[in-house]
Amino acid sequence: MEMSVSGSNEAVGGTVQSKASRPKKKIVPDKWRNGFEITVLSAPAIIIFLGFVILPVILAAYYGFFQWKGYGSPSVNGKFAGFQNYITILTDPTFQAAVGHNFFIVVMSLVVQGPLAILFALLMNQKMKGRALIRTLIFVPYVVSEVIVGTGWSLILQSNGALNDILRKIGLSGADWIADPKIAIWTLLVVISWKYLGFAVILMLAGMQSIPEELYEAARVDGASFWQMQWRITLPLLGPTIRLWAFLSIIGSLQLFDLVYIIWGQYVSSTAGTSTMATYMVLEGRGAGNYGYGSAVAVVLFVISLVVALIYQKFVLSRDLEGAITDEKTEKKRREKAAKAARKAR
Amino acid sequence: MSSATISATKARNGNGSRKNGKNKGKGDFHYSPKTPWGHPIVYFFALILVAVCVLPVLYIIIGGFRSNSQITQSPSGFPNPWEIDNYISVLKAPTFWVEMMNSLIVAVFVMVGTVALGLMVSFVIARYRFKLSGAMYSLFSAGLMFPITVAITPLYLLLRNLGLVNSLPGLILPEIAFALPQTIIILVPFLKAIPDELEEAAALDGCSRLGFFWRMVIPLAMPGVATTGILAFVNSWNNYMLPLFLLNSESKFTLPLGVQMFSSQYAVDTARVLAFTSMSMIPALLFFSVFQKQIVGGLTGAIKG
């Protein structure tokens, strides 16, 4: 998240400047008291965050150098192994397959969910009755927990489940949606898309609703057609939202665990071809009692996510990450962009 | 205090006007004043989307009203007759209520803890000027890059060393920690948007900064607070990985673990599994449908694409 550092600094700089330019009564803060308040207000959050989020990640990097069963301390009860764990992980064909599945899900989620989400958000943005109700209903899969989604879908998809029954009734032959390695990953993709599409639609919808209405009015006066308006106004102005969603989707796909673990279980997932880096980590780490090895897998998973995220931020997100923070500068930029788009649409 | 109240209502109106645009319908499809109800095609596709989203969930709920023999004979059929026994047996099972209580305790503590800690630190980041404020913000936003998956193995060992394995506090503390990044990212813009004049006016009236925080900031940031609180609650309610690692006795199970345990224990009793599953999703669904406006509104405020 390095980009956000510069983003937020700019935002702070902006407000400072605007303050200096206008005369105002100065509140003289007691410096001591200020520092005390900052400490008291922020210490609990920082301590709990460092302790339970950052520290484990650092520990993982340390544990990853040991062959260790998780009892006592790794340097006493374990065996220092250097980079052996990492070599084993990266040369393990099971892990390589898992990485492949992860990246398949990353790409296909973007390709499938992105356009669908934009189209459906466009649809939801039209005038109609009961829009609030519809919006609530399409958010249902996102609110329902992964365990329930997994349990429900595996009952629907199992070989004597509801889906095959319906297919047979209309004269088609069913398939083994879960265990057949040729099909399973597509099944996973469908379940994932079902679960997270609603969230994407709501995000896109929120993005669309912040596009100024005047642009459409102006374009309509100039005789632009519906699709012209969407192509020239909505899509370009939706850019930041789309890029933000894509980022969240990519990270989520790389860390995928719950659904696979629940529907396929730890052993079936590798034979069915749906294993992910995270299921591999749990199976080989905690499952086998090799905490050193499991930690090393976590580090690999983290590094892969980080590299992907950094590349994405560098080339895609960098220009509008500060858009996530509301400040006058980006607001102005956005307006200018909007005006430009409106001119183009004419 | 009068000037402060005026700006307060202004700030509120500012928030409201953003939402006013919602019902206008942007770039309406085949716009015509003759069809105030909107175009039929729009309804058609909306209906398809809703059906796809809702049908699998309905399958679970309705399936709970069937008997096992009904399900085996016709897996995709409707209940005939409707059986209520499955639901009754779930409601009578003490494990269900124990797990429900555990989930509820954890989710409520996580929600309250996340909102309290998140508000405090967001207030500092948004409204105090000091050297480390930028670093603090990026520290927390970096947290989005550390989902629980990466940390879980050492986190489990850490909690074991702290003696928190198989206990609810062992779930609550890390869940608060992992909920903080998104909370802070949503709350900071909200708190930054509160006009400085308001704080100055409050200061002139002899209100300390903490008093300002308590009396003005919290009420004004309510939409953001609601969003983050609800998200924290629902995420905690649905959390699977941490309880999976941490809890090993059934008396401490939360509902997601309970559902999974139940469905493997009673794998043959599909109808009861369906009933158990649908009972366990009701609280989150209720919670969400009551507060969905805040969630969607808060997300809109946080994105502002």
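Attention in this report is confined to the structure presented alongside it.

Conventions adopted
- For every chain, the first residue of the written sequence is number 1, and numbering continues from 1 along that sequence.
- Each chain gets a letter, beginning with A, and each ligand a number, beginning with 1, in the order they are written.
- A pLDDT threshold of at least 70 governs which residues receive local features in this predicted model, and a stricter bar of 80 or more applies before side-chain atom pairs are shown or counted, although totals over entire chains, interfaces and linings include all residues.
- Calculated side-chain values reflect all of the structure's heavy atoms, with hydrogen atoms and water omitted.
- We call Phe, Tyr and Trp rings a pair once their centres come within 6.5 Å, taking the six-membered ring for Trp, and we label the pair stacked below 30 degrees between planes, edge-to-face above 60, and tilted otherwise.
- To qualify as a helix, a DSSP run of H or I must reach at least 4 residues; to qualify as a strand, a run of E must reach at least 2; elements of each kind are numbered from the N terminus.
- Whether a residue is buried, partly exposed or exposed follows from its accessible area with a 1.4 Å probe, protein chains only, as a fraction of its type maximum: under 20%, in between, or over 50%, in that order.
- A cavity, in this analysis, means grid points on a 1 Å lattice covering only the protein atoms where a 1.4 Å probe fits yet has no way out; a pocket is instead an open set bounded by protein on both sides within 12 Å along at least five of seven lines, and a residue lines either one if it has an atom within 4 Å of a point.
- Grid points are joined across faces, edges and corners, and a volume is the space filled by probe spheres set on the points.
- Just so you know the grouping, Ala, Val, Leu, Ile, Met, Phe, Trp, Tyr, Cys and Pro go in nonpolar, Asp, Glu, Lys and Arg go in charged, and all remaining residues, Gly too, go in polar.
- Residue contacts follow a heavy-atom distance rule, with two residues in contact if any of their heavy atoms lie within 4.5 Å.
- By convention, the term buried area covers the 1.4 Å-probe accessible surface removed from two parts as they join, with the contributions of both added.
- One side-chain nitrogen of Lys or Arg within 4 Å of one carboxyl oxygen of Asp or Glu is enough to make a salt bridge.
- The definition of a polar contact used here is a pair of N or O atoms within 3.5 Å, where within protein one atom must be able to donate a hydrogen and the other to accept one, and adjacent residues in sequence count solely through side-chain atom pairs.

## Describing the packing of aromatic side chains
Here comes step 1: On inspection of all chains with the given rule, the structure shows 34 aromatic pairs over all chains.
Here comes step 2: Taking the centre distance of 5.5 Å and the plane angle of 80° together, the rings of A:F66 and A:F80 count as edge-to-face. Of the two residues, A:F66 sits in strand β1 (residues 66-67) while A:F80 sits in strand β2 (residues 79-80), which places them 14 residues apart along the sequence.
Here comes step 3: Residue classification places A:F66 among the buried residues on the basis of a relative accessible area of 7%.
Here comes step 4: Ring geometry for B:F96 against B:W97: centres 5.2 Å apart, planes inclined by 80°, an arrangement best described as edge-to-face.

## Focus on empty space enclosed by the protein
Here comes step 1: All told, the structure shown has six cavities of 30 Å³ or more when counted by the stated rule.
Here comes step 2: In this structure, the second largest cavity occupies an estimated 60 Å³ of space.
Here comes step 3: Around the second largest cavity, the lining residues are A:V143, A:V144, A:S145, A:I148, B:W237, B:N238, B:L255, B:P256, B:V259, B:S280, B:M281 and B:A284.
Here comes step 4: Looking at the lining of the second largest cavity, its residues break down into nine nonpolar, three polar and no charged.

## Overview of the layout of surface pockets
Empty space among the atoms can be located by rolling a probe the size of a water molecule over them.
Here comes step 1: There is about 790 Å³ of room inside the second largest pocket.
Here comes step 2: The wall of the second largest pocket is formed by 33 residues, among which A:W153, A:I156, B:V52, B:L55 and B:P56 lie closest to the centre.
Here comes step 3: Counting residues per element, the ones that place at least two in the lining of the second largest pocket are α5 (93-124), α8 (146-157), α9 (162-169) and α10 (184-209) of chain A together with α2 (40-63) of chain B.
Here comes step 4: A per-element tally of the lining of the second largest pocket places α2(B) first, with 10 residues.

## Side note on the interface of chain A and chain B
Here comes step 1: Across the contact, 119 residues belong to chain A and 108 residues belong to chain B.
Here comes step 2: Summed over both sides, the interface between chain A and chain B buries roughly 10300 Å², with carbon and sulfur atoms accounting for 73% of that surface.
Here comes step 3: On the chain A side of the interface with chain B, the three residues burying the most area are A:L41, A:F52 and A:K127, jointly 8% of the side's total.
Here comes step 4: At the boundary of chain A with chain B, the tally comes to zero salt bridges.
Here comes step 5: Seen at the junction of chain A and chain B, the total is seven residue pairs in polar contact (both at pLDDT 80 or more).
Here comes step 6: In terms of residue count, helix α2 (residues 31-63) of chain A provides more of the side of chain A that touches chain B than any other element does, 23 residues in total.
Here comes step 7: Classifying every residue of the side of chain A that touches chain B by side-chain character gives 76 nonpolar, 25 polar and 18 charged.

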